[in-house]
Amino acid sequence: MSGMYRILNLVEIQDLLWELHSFLPGSAKMYYIIKNFVENRLYGFEVIVDQWPCWTCIILRPESNDKVPGYFRSYYMCHTKSLKDLRFFLQRPGVVDWTQKAVLSGVPHDVVPIVQEKVKKICGELTSIEHRFMYAWMKDVPPEPAETPEGMKLTVLDSNHAEIIRDHWEHYRTNPGLLVYFRKVIENFDNSAIVTSEGRLVAYICMQFNGSMANLFVDPEYHTANLGVVLLCDLTRKLIQKHHTAYGFIKTKDSAFITSCQNIGFTWVPQGSMSWLHYRPPIKRVLSGEKLVDPKQQAASDSQDSLKKDLFLNALPLSCNECSGIPAESGTAKCIHVGVD
């Protein structure tokens, strides 16, 4: 749509990728998601900018929802050099389809009120807002490897572990595509895991399509074994050796885990901190058979469906204090993000 946005071709996307690389680590989320798109690990997306070549705003979005994997439908992944420009860009006609449900990821914290105002004007609703701080390894040398406890083995995940990981995280985000998603990230990206001498998976950390480390989990039975530190250091070393940015997103209110990551050596990246917004369009009165359904009742029903089905894959945190085992906690703690029977 001329004047509103520009859809980039492959050559232009390659040029954009090189430019984003120069802004690392703050641009890491958009850099790696586009990199994976260019390298065919993602499909069905398009890259739009506010102008070219002197862009200030980027959005990666589906060409159409039937062309992308089910777990990335209605996703708008944002990056900007200018908060002011992004505020206007998100409201330009055709940039976001406000008639459909959508997930806006990578929205800077200061832009959230503008989106809330836009949604209020069109009588829509933001059903979820999740804030994240970005922490990255900024040192010239990788972390020293942490010692794996006796009787345990430091290894990697394989596809057979996908169901176990799904079972842990479906309490945090339920979605039919979750199992397929974890199989894909295990197949495509680096990870680290720890198993017992009997081969039982007791701790792991994964990557995501946006290049972030995520899903650091330690079985509560082993929270005093320092396994979270072992895994975080191991995966960070793997990424640094490949000249990648080792980073993750942490919930802004998880001060204990933030402190733990700082103690290990991770640094806050202000430019990378962002929010994930789940948008639901205005609800119209609809006829159900001969009965007119009240919008409030329909909203309540849709809200329950959202709780069951929605999965903010790029909002999955690096971990949280309770499920990371960092710092060591006594054995039976559970957290709200995962379920352990």
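Residues numbered from 1 in each chain as written. Predicted model: local features only at pLDDT ≥ 70, side-chain atom pairs only at ≥ 80, totals over all residues. Heavy atoms only, no water.

## A word on the nonpolar core
Inclusion rule: Residue types Ala, Val, Leu, Ile, Met, Phe, Trp, Tyr and Cys, when buried and joined through side-chain atoms within 4.5 Å, form a set referred to as a nonpolar core. Throughout this description, buried means an accessible area under 20% of the type-specific maximum (1.4 Å probe, protein chains only), exposed means over 50%, and partly exposed covers the range between. Per the convention used, a helix needs a DSSP run of H or I reaching at least four residues, while a strand needs a run of E reaching at least two, with both numbered from the N terminus. We call two residues contacting when some pair of their heavy atoms lies within 4.5 Å.
Counting residues in hydrophobic clusters, the biggest one holds 80 residues, and the most contacted among them are Ile 34, Val 47, Ile 58, Phe 72, Tyr 204, Phe 209 and Met 213. A per-element tally of this core places helix H7 (residues 227-241) first, with 9 residues. Among residues more than four places away in sequence, those in contact with Met 213 are Ile 205, Cys 206, Met 207, Leu 232, Leu 235, Thr 236, Leu 239, Ala 246, Tyr 247, Gly 248, Phe 266 and Leu 318. Of all hydrophobic cores here, the second largest spans 22 residues; its members include Tyr 5, Cys 78, Val 95 and Val 111.

## Considerations on the packing of helix H1 (residues 10-21) against helix H2 (residues 28-38)
Inclusion rule: Note on method: axes are straight lines fitted to C-alpha atoms, helices fitted across the in-contact stretch only, with angles between N-to-C directions ranging 0 to 180 degrees. These descriptions rest on fixed angle ranges, namely under 35 degrees for roughly parallel, over 145 for roughly antiparallel, 65 to 115 for roughly perpendicular, and the rest for oblique. By convention the crossing between two helices is left-handed if the near helix lies anticlockwise of the far one by an angle smaller than a right angle, and right-handed if it lies clockwise. Here the term charged refers only to Asp, Glu, Lys and Arg, the term nonpolar to Ala, Val, Leu, Ile, Met, Phe, Trp, Tyr, Cys and Pro, and the term polar to all other amino acids, Gly among them.
At a minimum axis distance of 10 Å, the contact between H1 and H2 shows a crossing angle of 150 degrees. Relative to H2, the element H1 lies roughly antiparallel. Two packed elements cross with a definite hand, and for H1 against H2 that hand is left-handed. Counting all contacts with H1, which are made through Ile 13, Gln 14, Leu 16, Leu 17, Leu 20 and His 21, the residues of H2 involved are Met 30, Tyr 31, Ile 34, Lys 35, Phe 37 and Val 38. Its residues assigned to classes, the contact of H1 with H2 comprises 9 nonpolar, 2 polar and 1 charged.

## Focus on H2
Counting buried positions along H2 gives 11 out of 11 residues, so the element sits mostly inside the fold. Residues of H2 that are buried include every one of Ala 28, Lys 29, Met 30, Tyr 31, Tyr 32, Ile 33, Ile 34, Lys 35, Asn 36, Phe 37 and Val 38, and no others. Asn 40 occupies a position one or two residues after H2 and carries a positive phi of about 70 degrees.

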